[in-house]
Amino acid sequence: MAAYRCSLCARLLLLLILLLYALVHSEEIKQGNIHHVSGVNKPQTPAETVERPLEERQWEATEVNEAVSSDAAAHLLDYPGPDSVLTSTPQLKDDFREELVIRPLHSGDIYASFQFRTVWETDFTRGSKVSHYRLFPKSLGQVISKFSVRELHISFTQGYWRTMQWGQPYLPSPPGAELWVWFQDTVTDVDATWKELTNVLSGIFCASLNFIDSTNTVQPSASFKPLGTANGTDHRFLRYATLPREIVCTENLTPWKKLLPCGSKAGLAVLLKSEKLFHSSFHSQAVHIRPVCQDWQCKTTSLELRQTLNVVFDLHTSGQGKREWSLFKMFSRTLTESCPLASSSKIYIDTTDNPQEEQFELSPATPLLSQAVVLGDRRTFSVYDLTQQVTFGTVRSLNVLIRWKSTEGDMLRPLLHAERYVAGYGLQTGEIHTLIYNNHPFRSFPVLLLDSVPWYLRLYVHTLTVTSKGKDNKPSYIHYQPSKDRIRPHLLEMLLQLPPHSVTEVTVQFERALLKWTEYTPDPNHGFYVGSSVISALVPSTVAMSTNITQEQPLFSTFFPCKEESNYFMRVYTEPLLVNLPTPDFSMPYNVICLTCTVVAVGYGSLYNLLTRSFQIEEPSPGLAKRIANVIRKMRGVPPL
């Protein structure tokens, strides 16, 4: 009993000490003796107290020992210090912005484009190793540093973009998976580095990028110029590959969302619900990494990570009968807050064709309007700033509603679009037709066509013809690299001049090769996919394009660099091709196996039975009289006959 009382007293004494310590600690916090500013324990001034919300949105809190001084902590965390943050926001080491652009389409569908950009003031090209990451994902940073990557562009797309119904997308991408990378000039073996990089990216994005090899990789000579800052354009360090049959699903979206600073817990990423995104007519997600300039003189560069997601919701497949869209109907969720780490979080609604709200109306209405030059046209947008609490109203929830009033109105035809198909009959020869449309009424412009054809379609280059308005159109530049069986594909690049208001047709004949029986897919009768053609062009602009790289602009209008005010860069992809190859009858082996087994079972079974069976001579059965006599003899005790 005495021991129990001593144990109880000790417990009560320990509890009393903990309560006293908690009271003293709370008093110190109330008196302002302990302050956490970006993880550095330092008294706050009134100016710093005012700027604290902005600072908390920019940086993650990191605990630092109280004995470390402010200057030492700033140097340790690559942090510019509180004075530089208060005086100049662009001096921050990394910055995150997020945007959502919604464009109502004339067909009743709706197009939503997410843009997430993370800019990091670091330069991997100098060989410096970075071990501390804040907003920039560490997995991608280590990949860029290890493989000496200058630019990386990867996209996963499900569906085909219908240009004539939906117009031009903000960021184009072909069906399936696309990957093109610019390596630094310090890489000695580009092919080995490329192969290892595809295997690593396959694990990061849970995709089949490990199927990229020399048979579907090309080295373009004129297409796919660097989109960031690049001193040289040596195409030996460029690799391009596509997987047109890649299926995009939830396992690709989940690692993509984990690259965001806030993940899918806050901000616009809350709307990325897989059940809704993949129940759409078109879905595309991409990751773009490139170096960008920090100022107009481009003395220093930063690393930009841009994550984009484009989706088109169909009016009929959505299950709703009336032309009415909202954030909840599209994504089954509403917005309650912006990402705390984002310096800018906005929603843009394209209202260019609805100046007086004659076609549709927005609810809730917003007084903020913005104009931007997008794809050579000046567009007007209604803006919802998520960093302002007044945007969410009293219910602290934002659900933008687009209610259509009229279905009248015509969509402007895109100035440039393309189509491709396979012609011919039989399984021996065929012909590839590529149609490029220039819908400009009086301007001609050049386009660069890139075709990558698998080796099992043997092109006859002497049959290549280019016609425009019934006349031959001689290309000003042609680069052709022939294929090698089971080693590399065909590569064809041409620079064409498209006449105004014309259709340019490019045709080339091919012969189908017979594959080995181990090279066929599990469903060979479905056909083999051929990647999309890529068309790069400088299209005339109706308004003057902005060439100022330091001007603050929306993210969806600043992806492709613009060097001239009279035109803008555009990239167009055609449909992928589905080609049937000579396919053997894979049922014959099954028939042969069945016939062989039957013959063996019947022939060998009978012979084995004859060789292993033992034969015995049986006496004939006695007659009735003899059996009766034996019974009588047995009863008498006499031996039987």
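Visitor: Please give an account of the side chain of Thr-157 that cites residues and values.
Guide: With respect to the helices, strands and loops of the structure, Thr-157 is situated in strand S5 (residues 149–158). Note on Thr-157: relative accessible area 1%, which makes it buried. There is a polar contact of 2.9 Å between the side chain of Thr-157 and the side chain of Ser-173. When sequence neighbours within four positions are dropped, the list of residues in contact with Thr-157 reads Ser-173, Pro-174, Pro-175, Gly-176, Glu-246, Val-248, Phe-282, His-283 and Ser-284.

Visitor: How would you sum up the sheet that holds strand S23 (residues 490–498)? Please name residues and give values.
Guide: Backbone-to-backbone hydrogen bonds join strands into a sheet, with any given pair of strands oriented parallel or antiparallel. If you trace the 5 strands from one edge of the open sheet to the other, you get S22-S23-S19-S26-S27, paired in antiparallel fashion. Looking at strand neighbours, the two that pair on one side only are strand S22 (477–481) and strand S27 (567–573), the edges of this open sheet. Strand-to-strand, the axes of this sheet are offset by a mean angle of 15 degrees, without reference to chain direction. As judged from the 7 bridges shared by strand S26 (residues 534–540) and S27, these two strands associate in the antiparallel manner. The partner of Pro-540 across the bridge, within S27, is Asn-567.

Visitor: Help me get a handle on the pairing of S26, residues and values and all.
Guide: The buried count for S26 comes to 6 of 7 residues, which makes it a mostly enclosed element. Pairing geometry for strand S19 (residues 445–453) and S26, over 4 bridges, is antiparallel. By the bridge assignment for S26, Leu-450 is matched with Val-534.

Visitor: Help me get a handle on the nonpolar core, residues and values and all.
Guide: One finds Leu-327 and Ile-347 to be the most contacted residues of the largest nonpolar core, which totals 75 residues. Of the residues forming this core, the biggest block, 6 residues, is contributed by helix H7 (residues 190–205). Residues in contact with Leu-327, not counting those within four places in the same chain, are Leu-100, Ile-102, Leu-271, Ser-332, Arg-333, Leu-335, Ile-347, Leu-398, Asn-399 and Val-400. In this structure, Phe-445, Val-466, Ile-535 and Met-570 belong to the second largest nonpolar core, which totals 18 residues.

Visitor: Kindly report on a nonpolar patch on the surface, identifying the contributing residues and their values.
Guide: Nonpolar side chains collect at one region of the surface, where Val-600, Tyr-604 and Tyr-608 lie side by side and expose about 350 Å² of accessible area between them. Structurally, Tyr-604 is set in helix H11 (residues 588–612).

Visitor: I'd like a rundown of the sheet that holds strand S14 (residues 369–374), residues and numbers included.
Guide: Taken in spatial order, the 11 strands of this open sheet run S7-S8-S6-S5-S9-S10-S4-S3-S12-S15-S14, and their pairing is mixed. Of all the strands in the sheet, the pair left with one neighbour each is strand S7 (217–218) and S14. In this sheet, strand S6 (residues 176–183) lies alongside S5 in antiparallel orientation, the contact comprising 8 bridges. Counted as the bridge partner of Glu-151 is Trp-182 from S6. Across the sheet, H7 lies against S5, S6, S7, strand S8 (238–243) and strand S9 (282–293), angled at about 135 degrees from S6, the strand it touches most.

Visitor: Account for the pairing of strand S20 (residues 457–468), naming residues and giving values.
Guide: When S20 meets strand S24 (residues 502–512), the two strands line up antiparallel, connected through 8 bridges. For Arg-458, the partnering residue across the bridge sits in S24 and is Glu-511. Taken together, the 2 bridges between S20 and strand S21 (residues 471–472) define a ladder with antiparallel strand orientation. The partner of Ser-468 across the bridge, within S21, is Lys-471. What sits between the antiparallel neighbours S20 and S21 is a turn of 2 residues, in which Lys-469 has the positive phi angle 55 degrees.

Visitor: Before we move on, can you summarise the packing of aromatic side chains with the specific residues and values?
Guide: In this description, an aromatic ring pair is defined by two values, namely the gap between the centres and the angle between the planes. For the coordinates displayed, the defined rule picks out 28 aromatic pairs. With 5.1 Å between their ring centres and 55 degrees between their planes, Trp-120 and Tyr-133 make a pair best called tilted. Remark: Tyr-133 occurs in the loop between strand S4 (110–120) and helix H5 (138–147) and Trp-120 occurs in strand S4; sequence separation between them is 13 residues. Put simply, the rings of Tyr-111, Trp-161, Trp-166, Tyr-170, Phe-282, Tyr-348, Phe-381 and Phe-556 pair up and form one aromatic cluster.

About the cut-offs
- Residues numbered from 1 in each chain as written.
- Predicted model: local features only at pLDDT ≥ 70, side-chain atom pairs only at ≥ 80, totals over all residues.
- Heavy atoms only, no water.
- Helix = DSSP H or I, 4+ residues; strand = E, 2+ residues; numbered from the N terminus.
- Buried < 20%, exposed > 50% of the residue type's maximum accessible area, 1.4 Å probe, protein only.
- Polar contact = N/O pair within 3.5 Å; in protein donor to acceptor, adjacent residues only side chain to side chain.
- Contact = heavy atoms within 4.5 Å.
- Pairing = 2+ DSSP bridges.
- Axes fitted to C-alpha atoms, helices over the stretch in contact; angles between N-to-C directions.
- Core = buried A, V, L, I, M, F, W, Y, C linked by side-chain atoms within 4.5 Å.
- Patch = residues over 30% accessible without salt bridge, like charges linked within 9 Å, V, L, I, M, F, W, Y side chains within 5 Å.
- Areas by Shrake-Rupley, 256 points an atom, 1.4 Å probe, with all protein chains shown as cover.
- Salt bridge = Lys/Arg side-chain N within 4 Å of Asp/Glu carboxyl O.
- Phe/Tyr/Trp six-rings, centres within 6.5 Å; stacked < 30°, edge-to-face > 60°.

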